[in-house]
Amino acid sequence: MCKNTLIPALASTTAALIAVPTQAAFVGFFATVTQVTSGGILLDQVRVVARFNGPTDTVLNAFNLVYQGGATVADPYGAFWHKDNSDYNGGVLSKQYGTWAPTLTGSATLNRPFDSFLTNGGTATATNSTSADPSWNSGGSGSHAGGPNGWNRADLLNNGAMGWFNSSPPTLQGRVGVAPNTATDVLVGQFVIDRGASVGTWQLTSAFNDGVPGSAVQFATGTFTIGSACPPLYRDLDGDGFGSASSGTTSSCTPVSGYVSNNTDCNDSNAAINPNTTWYRDTDGDGIGAAANGTLVQCTQPAGYVLAGGDNCPNIANANQADVNNNGLGDVCEFARGDLNLDGVVNASDVPLFFNAWGSAGPLGDLNFDGVVNSADFTILLNNWGSTP
């Protein structure tokens, strides 16, 4: 199951280092949370993007990924799940073993939704040209949990030298607008954590340019949150403005397309049914109600009420709503008065039609609906003599 959200970056950008004016402009880092489940384990898949406002802005590398605080887990560095095809992991969901290399993630269905990896755009496949910065693999100030540095370990090291770069910029995998990147966003990392956990705020620096050969490289630093305590949102499948937990839920501090903040829709497959739906009392049981007989506004269907209103003969069943003379009154109502020729008045012209039906089971002429046309019905006709609707 998947439910998407946007969590705003805790925006702060450093001064850009530029030699000449360029079009590139960094907006900030943003995190998208998707709820996924693997082997019965509830997970949050957090995808962090670098957002730009230039048409060809291109991420070249990312570095200095540093924990800033705010985690609710005991060990924010080791809070990440991996499920890749590396020698360290072998496709097993694990926090202890795995690599941050996008080239080793593997299957788009079995592994990729549940694997933590770092990238400079593109899709996490064997052709991704993201590589670890050499200083991460062999240098820096040591590791978080002991052992050698490197991105072939499951945790994120408490080491400011961490970085990753696009080893083949001509692939354009770091450029906005180049699939799967959007027109504004380039993926820089996926972090899979326990459902509902907060792994705190992290700072990252990105190097980028405007995508024009020879243009100046710029640097910007921003922060983002992995996991959050943002309010829940509910998927609104039918687009009526009302959501349902059964359709999908997520958490977000900003609006998410297709999701709303309420969980009040009782039928998320029908936009006509929601808490603002007006139900009409159906006194004759023909599936069409009338406002004059009563209405209720609620989500679930009340007993004796229907969704359709405007019954043209609300006290006599007429599901087909026949109205031959187009006067807004159902034919069955006019027949019940004795206006058998539907000319709008009960008079002598209706009498021959009545006696032609004498002794029959109706329905024409059976004005009291007792199953036979007889004198009791003729009495009704005479009582209505000369009347009009």
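Remember, predicted model here, so these are calculated numbers, not experimental data.

A.B. asks: An account of the overall build of the chain is needed here, citing residue identities and associated values.
C.D. replies: What the chain contains, in helices and strands, is 4 helices and 16 strands. Across the 389 residues that make up the chain, the buried fraction comes to 47%. Across the chain, contacts joining residues at least 24 apart in sequence account for 57% of those joining residues at least 6 apart. For the chain, the computed accessible surface area is about 16700 Å², with 56% contributed by carbon and sulfur atoms.

A.B. asks: So what about the side chain of D350? Which residues, and what values?
C.D. replies: With respect to the secondary-structure elements, D350 resides in the loop between α2 (331–337) and α3 (351–356). The buried charged residue D350 lacks any salt bridge, with R337 as its nearest oppositely charged partner at 7.4 Å. A polar contact is formed between the side chain of D350 and the backbone nitrogen of L340, at a distance of 3.0 Å.

A.B. asks: Kindly report on the sheet that holds strand β9 (residues 201–209), identifying the contributing residues and their values.
C.D. replies: A sheet is described by the order of its strands in space; here 5 strands give the open sequence β6-β7-β4-β9-β10, paired in antiparallel fashion. Two strands bound the open sheet, and with one partner strand each, they are β6 (130–132) and β10 (218–225). When strand polarity is set aside, the average angle formed by the axes of neighbouring strands in this sheet is 20 degrees. Sheet topology places β9 next to β10; 8 bridges connect them, and they run antiparallel. Paired with S206 across the two strands is A220, which belongs to β10.

A.B. asks: Outline the nonpolar core, listing residues and values.
C.D. replies: Generally speaking, nonpolar side chains in soluble globular proteins are found buried as a group. F80, L156, F191, W202, F224 and I226 are the most contacted members of the largest nonpolar core, which totals 38 residues. Elements with a minimum of two residues in this core: β2 (26–38), β3 (41–52), β4 (58–69), β8 (185–194), β9 and β10. For F191, the residues in contact, after removing those within four places along its chain, are D44, Q45, V46, V48, F80, W100, S116, L118, L156, F224 and I226. Formed by 8 residues, the second largest nonpolar core is a distinct cluster that contains L340, L367, V373 and F378.

A.B. asks: Explain the confidence of the model for the chain to me, using residue names and the numbers behind them.
C.D. replies: Averaged over all residues, the pLDDT of the chain equals 88, while 89% of them reach at least 70. Under a pLDDT of 50 for its full length, residues 1–22 has, in the predicted model, 71 contacts with residues more than four places off or in other chains.

A.B. asks: Describe the environment of T37, listing the residues and the values that go with them.
C.D. replies: Checked against the element boundaries, T37 lands in strand β2. A relative accessible area of 32% means that T37 is categorised as partly exposed. As for T37 and R195, which are separated by 158 residues in sequence, their C-alpha atoms are 9.0 Å apart.

A.B. asks: Residue-level account of the layout of surface pockets, with values.
C.D. replies: Looking at the largest pocket, its volume works out to about 230 Å³. Lining the largest pocket are 12 residues, with R47, V49, P180, T182 and L187 positioned closest to its centre. Where the lining of the largest pocket is concerned, the elements lending two or more residues are β3 and β8. Across the lining of the largest pocket, the residue classes break down as 5 nonpolar, 4 polar and 3 charged.

A.B. asks: Describe the pattern of salt bridges, naming the residues involved and giving the relevant values.
C.D. replies: In this structure the tally under the stated criterion is 5 salt bridges. For D194, the salt bridge goes to K95, with nearest N and O atoms at 2.6 Å. Of this pair, D194 sits in strand β8 while K95 sits in the loop between β4 and β5 (117–118), and the two are 99 residues apart along the sequence. For R337, the salt bridge is made with D339, and the minimal N-O distance between the two is 3.6 Å. Among the residues examined, R337 registers a relative accessible area of 15% and is labelled buried.

A.B. asks: Give me the lowdown on the state of the cysteines, citing residues and values where you can.
C.D. replies: Enumeration over the complete set of coordinates arrives at 2 disulfides. In this model C266 forms its disulfide with C299; the gap between the sulfur atoms is 2.3 Å. Across the S-S bond of C266 and C299 the torsion is about -105 degrees, and the bridge reads as left-handed. One end of the pair, C266, is in the loop between β13 (259–260) and β14 (278–281); the other, C299, is in the loop between β15 (295–297) and β16 (305–306), and 33 residues separate them in sequence. Bridging C313 to C333, the disulfide has an S-S length of 1.8 Å. Given an S-S torsion of about 90 degrees, the disulfide between C313 and C333 has right-handed geometry. Residue C313 is located in the loop between β16 and α2, and its partner C333 is located in helix α2; the two are separated by 20 residues in the primary sequence. When sorted by exposure, C313 lands in the same class as C333, which is buried.

A.B. asks: Can you lay out the sheet that holds β14 for me, pointing to particular residues and giving the numbers?
C.D. replies: Spatially, β15-β14-β16 is the arrangement adopted by the 3 strands of the open sheet, whose pairing is antiparallel. With one partner strand each, in any of the chains shown, β15 and β16 form the two edges of the open sheet. Where β14 meets β15, 3 bridges bridge the pair, whose relative direction is antiparallel. What sits directly across from W279, in β15, is L296.

A.B. asks: Please give an account of the pairing of β4 that cites residues and values.
C.D. replies: Pairing analysis gives 8 bridges linking β4 to β9, with the strands arranged antiparallel. When the sheet's bridge partners are listed, T58 is paired in β9 with N209. As defined by bridge partners, β4 adjoins strand β7 (residues 163–166) across 3 bridges and the pair is classed as antiparallel. Bridging across to β7, N61 finds its partner in F165.

Rules of the game
Going along each chain's sequence as written, the residues are numbered from 1 onward. Totals for whole chains, interfaces and linings use all residues, but because this is a predicted model, local features are given only for residues with pLDDT of at least 70 and pairs of side-chain atoms are given and counted only at 80 or more. To obtain the side-chain values, all non-hydrogen atoms of the structure were used and water was disregarded. Note on conventions: DSSP H or I runs of at least 4 residues are helices, E runs of at least 2 residues are strands, and numbering of each starts at the N terminus. Think of it in three bands: with a 1.4 Å probe and only protein chains considered, a residue is buried below 20% of the maximum accessible area for its type, exposed above 50%, and partly exposed in between. The criterion used for residue contact is that any of the two residues' heavy atoms lie within 4.5 Å. With residues, only the protein chains shown are counted as cover, and all accessible areas are computed by Shrake-Rupley using a 1.4 Å probe. Charge counting treats Lys and Arg as positive and Asp and Glu as negative, with His and both chain ends excluded. The salt bridge definition used is simple: a Lys or Arg side-chain nitrogen within 4 Å of an Asp or Glu carboxyl oxygen. Here a polar contact is taken to be a pair of N or O atoms separated by no more than 3.5 Å, where protein atoms must pair a possible hydrogen donor with a possible acceptor and residues adjacent in sequence count only if both atoms sit in side chains. Think of it this way: DSSP has to see at least two bridges between two strands before they count as a pair. What counts as an axis is a line fitted to C-alpha atoms, over the stretch in contact for a helix, and the angles between N-to-C directions run from 0 to 180 degrees. Throughout, nonpolar core names a set of buried Ala, Val, Leu, Ile, Met, Phe, Trp, Tyr and Cys residues whose side chains join them through atoms within 4.5 Å. As a per-residue measure, pLDDT reflects the predictor's confidence and takes values from 0 up to 100. Points on a 1 Å grid, built from protein atoms alone, make a cavity when a 1.4 Å probe fits but cannot get out and make a pocket when they are open with protein on both sides within 12 Å along at least 5 of 7 lines; residues with an atom within 4 Å of a point are the lining residues. Grid points are joined across faces, edges and corners, and a volume is the space filled by probe spheres set on the points. Throughout, the ten residues Ala, Val, Leu, Ile, Met, Phe, Trp, Tyr, Cys and Pro are labelled nonpolar, Asp, Glu, Lys and Arg are labelled charged, and all others, Gly among them, are labelled polar. Throughout, disulfides are identified as pairs of cysteine sulfur atoms within 2.5 Å of each other.

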